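Structure at a glance
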Amino acid sequence: MDDIDYARYDRIRPIRWTGDTLELLDQRKLPFATEYLTCTTSDEVASAIHALAVRGAPAIGIAAAWGVVLAERAIDATDAIDAAAKLEPALQRLNAARPTAVNLAWALGRMRAALARAGHDWRDALEREAAAIDTEDLAANRRMGALGASLIEPGSGVLTHCNTGSLATAGFGTALGVIRAGVAQGRIDKVFAGETRPWLQGARLTVWELQQDGIDATLIADSAASHLMKGGKVQWVVVGADRICANGDTANKIGTYQLAIAARHHGVGFMVVAPSSTVDMATASGDLIEIEERDAAELHSVGGSRTVAEGIDAWNPVFDVTPHDLIDAIVTERGVIRRPDAASMRAAFGG
Ligand SMILES: CSC[C@H]1O[C@H](OP(=O)(O)O)[C@H](O)[C@@H]1O
């Protein structure tokens, strides 16, 4: 597919299945501490997803799938039908961990379907399905990296938002996979990353991930993005997604929408990169997506130090929706959709 040495990007593994437990790299501690949480129950996985110890749309789907395997280990059941009934409460608690990324519900749906197809080997069938979800995501990311990079002219500067790398997926990343491939192919000369307040996925995770690759990235304040684009240093904004609707409207980390507005104003390309597990053809448009709102306390402090006077209210939606008409390309492992709309999404994904 391309001449990229993928092994160099596989050092960061946020999700490790040991055969009996699930080890999650605690992303709340990065970049200054590399600590793994060891989950032995599905509820521990649900808590880790809710707390953003593991985060990133594909990664939370993968973690939830392994969480179902942990739940399977904890039950006795006479057959797959009995198991499905006994496991359902655990799957619903996993699904409730975060509302916006469709990958969570998608992965749990795959686990339910695997159980419905299974025979006497239903325990093995669940473990095989979780492993397949994991390995398919890595393959998808490598494919998307090549597809997205091919859209970027040599000598380009790119700006990315949040973290969409190995920490957010099974490896290599989505938008960050495009950036890795684009740098490797000499198409991208300059990478900028927004700090991505309030959780600082860009400042704490993305620039650290790229540093591990030996890729120089320049950190900018989120509020500097339009000024950067005005200066002509960026030809593409490349971002991930948490849910892509049937008309191409896309939910992603808060701040993405204003990047799309600024990109269109300044003639900068806007690329969304996400596996097909992020596409939700059952949701017609972005106004129907549930946007996760998190604790106001995440805005009152930075790095554990309070920065806001007591008694100040804060509104903390952690995703927003970019309308499809501000998106120049949606890249999935199935291909590139230019200027997405309901018709082109239907042609690519059916429904
Ligand atoms: C490939 S990760 C997709 C998506 O997930 C991130 O959100 P969070 O860090 O809150 O899990 C961000 O929106 C990424 O673009």
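All figures in this text were calculated on a predicted structure; none of them were measured in a lab.

Focus on the UniProt feature "site: Transition state stabilizer" (unreviewed entry) in the protein chain
As annotated by UniProt and renumbered to match this structure, "site: Transition state stabilizer" (unreviewed entry) occupies Cys162. Relative to the assigned elements, Cys162 resides in the loop between strand E4 (156-160) and helix H6 (175-184).

Some words on the side chain of Asn141
Within the secondary structure, Asn141 sits in helix H5 (residues 122-149). If we skip the residues at most four places from it in the chain, Asn141 touches Thr169, Ala170, Gly171, Phe172, Gly173 and Thr174.

Quick notes on helix H3 (residues 80-95)
In H3, a bend of some 40° at Leu87 exceeds every other bend along the element, and Pro89, a proline, comes one to four places later. When H3 is considered as a whole, its buried residues turn out to be Ala80, Asp82, Ala83, Leu87, Ala90, Leu91 and Leu94. Tucked into the core, H3 has its buried residues touching helix H1 (42-50), helix H2 (57-73), helix H4 (102-117) and H5. Looking at where H3 begins, the residue whose side-chain oxygen comes 3.0 Å from the main-chain nitrogen of Ile81 is Asp79.

Quick notes on the packing of aromatic side chains
Counted by the stated rule, this structure contains three aromatic pairs. Here Tyr6 and Phe172 contribute two aromatic rings whose centre-to-centre distance is 5.0 Å and whose plane-to-plane angle is 75°, an arrangement assigned as edge-to-face. On the criterion of sequence distance, the pair formed by Tyr6 in the segment before strand E1 (15-17) and Phe172 in the loop between E4 and H6 is long-range, its members being 166 residues apart. In this pair, the class of Tyr6 matches that of Phe172, namely buried. Summarising the aromatic geometry, the rings of Tyr9 and Phe172 are spaced 5.2 Å apart at their centres and angled 70° between planes, so their arrangement reads as edge-to-face. One end of the pair, Tyr9, is in the segment before E1; the other, Phe172, is in the loop between E4 and H6, and 163 residues separate them in sequence. A residue is classified by how much of its surface remains accessible, and Phe172, at 0% relative accessible area, is buried. Its end group placed over the ring of Trp199, Arg204 keeps NZ or CZ at 4.4 Å from the ring centre.

Details of the confidence of the model for the protein chain
When pLDDT is averaged along the protein chain, the result is 97, and 99% of the positions lie at 70 or above. Ranking the elements of the protein chain by mean pLDDT puts strand E12 (residues 301-302) last, at 94, and strand E10 (residues 269-273) first, at 99.

Some points on the side chain of Asp137
Its location among the elements puts Asp137 in helix H5. One buried charge, Asp137, has no salt-bridge partner; the nearest side chain with opposite charge is Arg13, at 9.0 Å. The residues touching Asp137, leaving out its near neighbours within four places in the chain, are Pro58, Ile62, Thr169, Ala170 and Pro275.

A closer look at the site of the ligand
Close contacts around the ligand come from 17 residues, with Gly56, Arg98, Asp242, Asn252 and Lys253 the closest. Contacts to the ligand include Ala57, whose backbone N or O atom sits 3.4 Å from an oxygen atom. At 2.6 Å from an oxygen atom of the ligand is found a side-chain nitrogen or oxygen belonging to Asp242. Secondary-structure elements contributing two or more residues to the shell around the ligand are H2 and strand E9 (250-253).

Quick notes on the rules
Residues numbered from 1 in each chain as written. Predicted model: local features only at pLDDT ≥ 70, side-chain atom pairs only at ≥ 80, totals over all residues. Heavy atoms only, no water. UniProt positions renumbered as here; feature names shortened; annotations may be inferred. Helix = DSSP H or I, 4+ residues; strand = E, 2+ residues; numbered from the N terminus. Contact = heavy atoms within 4.5 Å. Bend = angle between axes of the 7 residues up to and from the residue. Buried < 20%, exposed > 50% of the residue type's maximum accessible area, 1.4 Å probe, protein only. Polar contact = N/O pair within 3.5 Å; in protein donor to acceptor, adjacent residues only side chain to side chain. Phe/Tyr/Trp six-rings, centres within 6.5 Å; stacked < 30°, edge-to-face > 60°. Lys NZ or Arg CZ within 6 Å of the ring centre and 35° of its normal. pLDDT = per-residue confidence, 0-100. Lys, Arg positive; Asp, Glu negative; His and termini not counted. Salt bridge = Lys/Arg side-chain N within 4 Å of Asp/Glu carboxyl O. Near = heavy atom within 4 Å.

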